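Examination of the molecular architecture
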Amino acid sequence: MKLGRTFANVREALAQAGLLERAWYVERASRDGERLLPVTQVDPSHVPYMSLVVVPGLDRRADAAGRASGSASSSSRTAMQRVPGVLPAAATSERSGEPGTVFVVGLGPGPDAWLTPEAADVLGRVSYVIGYAPYVARVPTRDGLVRLPSGNTVEVDRGTQALELAHDGHDVAVVSGGDAGVFGMASAVFEARERPENAALAGMPVHVVPGVTAAHAAAALAGAVLGGDHALISLSDRLKPWDVIDARLRSCARADLAMAFYNPRSASRPHQFDQALSVLREELPGDRPVVVARHVGREQEALEVTSVAALDPETIDMGCLVIVGSQGTRTTADGRVWTARFVPSR
């Protein structure tokens, strides 16, 4: 309570305790100018003395449908709706008796210009936006909208939260970068809907709104490197074992498919791109073109055209999308990379 100039220290303590994503900021409760926001969205330079932070516990009581709200995201929403006098308009809307719809929305990989008109329309009329915090931050605030950001690796919890809100009669947008159906939240929402513990949510309407994919934006930056048959492959082994990734890399290389790699190299997995590149060097000629697109569509956007033999894995990070060409991929004199539409008979 009475945060003022101490807010930055409180926020840091919440982060160190692993509670930041569950914490809610309340300002001037029950007075003119009251505000309710996730702590992650608060500007420390504008925190008044009369403000407080609430960290909800995990609410494990069953509701009338027999469901238990055991996830941090669900408990945060429940606690938010209990704070007297500070409910956003969307949280206080009366149910019509009909379920709402879960819209799974791809925001595109970069600038607002790559947000599709359908996605913009959906985001302009839903009551809630749910997603990984950096993606939720890309959705502008407005009257009647509640933004519910969360951390990484809790995709199914987010899906469940969205389905619960739809069950209560609200329209909800679950947002992803790029296309939500390509290594995004769409599959996680359907997974949540099929879980046995979510049987009461199995009939909730789900509509997937397509977006510009990161791979195809990167390919366009280079030229037309995915102009022929290609595969999109995540190098993360969080949801599949490395031997499966290894086998898929070899199969795609032997099938002469161009390959676009998502999640190439993170701080927790610095070795995996090195391993993937070793596989490619075993299977492909060293002069096979490689495109490295960094921060596509953003201010730091950069493009490197190299080869399987020359590519330095130490230059790759999670801001990169790496595309390895096929036998039909060629580089023009002015540095453009494209893949022929035709494939000769073998």
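Look a little higher up for the structure.
A few points on the structure. Sequence order as written defines the numbering, with residues in each chain counted from 1. pLDDT decides what is reported in this predicted model: residues at 70 or higher carry local features, side-chain atom pairs at 80 or more are listed and counted, and totals for whole chains, interfaces and linings draw on all residues regardless. Processing note: side-chain calculations cover all non-hydrogen atoms of the structure and skip hydrogens and water entirely.

Okay, the packing of helix α5 (residues 155–167) against helix α6 (residues 185–194) next. Fitting a line to C-alpha atoms yields each axis, with helices limited to the stretch in contact; the angle taken between N-to-C directions then spans 0 to 180 degrees. Numbering of helices and strands runs from the N terminus; a helix is a DSSP stretch of H or I covering at least four residues, while a strand is a stretch of E covering at least two. At a closest axis distance of 8 Å, the pairing of α5 and α6 adopts a crossing angle of 65°. The angle between the axes of α5 and α6 places the two elements in the roughly perpendicular class. In this structure, α5 crosses over α6, and the sense of that crossing is right-handed. Where α5 approaches α6, its residues Glu-155, Val-156, Arg-158, Gly-159, Thr-160 and Leu-163 are matched on the opposing element by Met-185, Ala-188, Val-189, Glu-191, Ala-192 and Arg-193. Each residue belonging to the contact of α5 with α6 can be placed in one class, and the counts come to 6 nonpolar, 2 polar and 4 charged. The scheme is simple: roughly parallel for angles under 35 degrees, roughly antiparallel for over 145, roughly perpendicular for 65 to 115, oblique for anything else. What makes a crossing left-handed is the near helix being turned counterclockwise from the far one by less than a right angle; a clockwise turn instead makes it right-handed. Note on contacts: a residue pair is in contact if any heavy atoms of the two residues lie within 4.5 Å. Any residue that is not Ala, Val, Leu, Ile, Met, Phe, Trp, Tyr, Cys, Pro, Asp, Glu, Lys or Arg is counted as polar, Gly included; the first ten are nonpolar and the last four charged.

Those residues of helix α7 (residues 214–222) not exposed but buried are Ala-215, Ala-217, Ala-218, Ala-219 and Ala-222. The first or second residue beyond α7 is Gly-223, which carries a positive phi of 145°. Burial status follows relative accessibility: with a 1.4 Å probe on protein chains alone, a residue under 20% of its type maximum counts as buried, one over 50% as exposed, and anything between as partly exposed.

What follows deals with the packing of aromatic side chains. Pairing of aromatic rings covers Phe, Tyr and the six-membered ring of Trp, with a centre-to-centre limit of 6.5 Å; geometry is then stacked below 30 degrees between planes, edge-to-face above 60, and tilted otherwise. Summed over all chains, the structure comprises 2 aromatic pairs. Measuring from centroid to centroid gives 5.7 Å for Tyr-132 and Tyr-135, while their planes differ by 75°, and the two rings are edge-to-face. Note on Tyr-132: relative accessible area 27%, which makes it partly exposed. For a lysine, the NZ atom is tested; for an arginine, the CZ atom; a charge sits over a ring if that atom is within 6 Å of the ring centre and within 35 degrees of the ring normal. Its end group placed over the ring of Trp-338, Arg-330 keeps NZ or CZ at 4.9 Å from the ring centre.

Moving on to the sheet that holds strand β11 (residues 258–262). A strand pair is defined by DSSP finding two or more bridges across the two strands. Within the open sheet, the 5 strands sit side by side as β10-β11-β14-β12-β13. Their pairing is mixed. Each of the sheet's edge strands pairs with one partner strand only, and the pair in question is β10 (230–234) and β13 (302–307). Averaged over all pairs of adjacent strands, the angle between their axes in this sheet comes to 20°, without regard to strand direction. Judged from the 5 bridges that link them, β10 and β11 form a sheet pairing that is parallel. Within β11, the residue paired with Ser-234 across the bridge is Tyr-262. Sheet strands in contact with α7 are β10, β11, β12 (289–294), β13 and β14 (320–324), and its direction is about 70° off that of β14.

On their own, these measurements won't tell you what the molecule is for.
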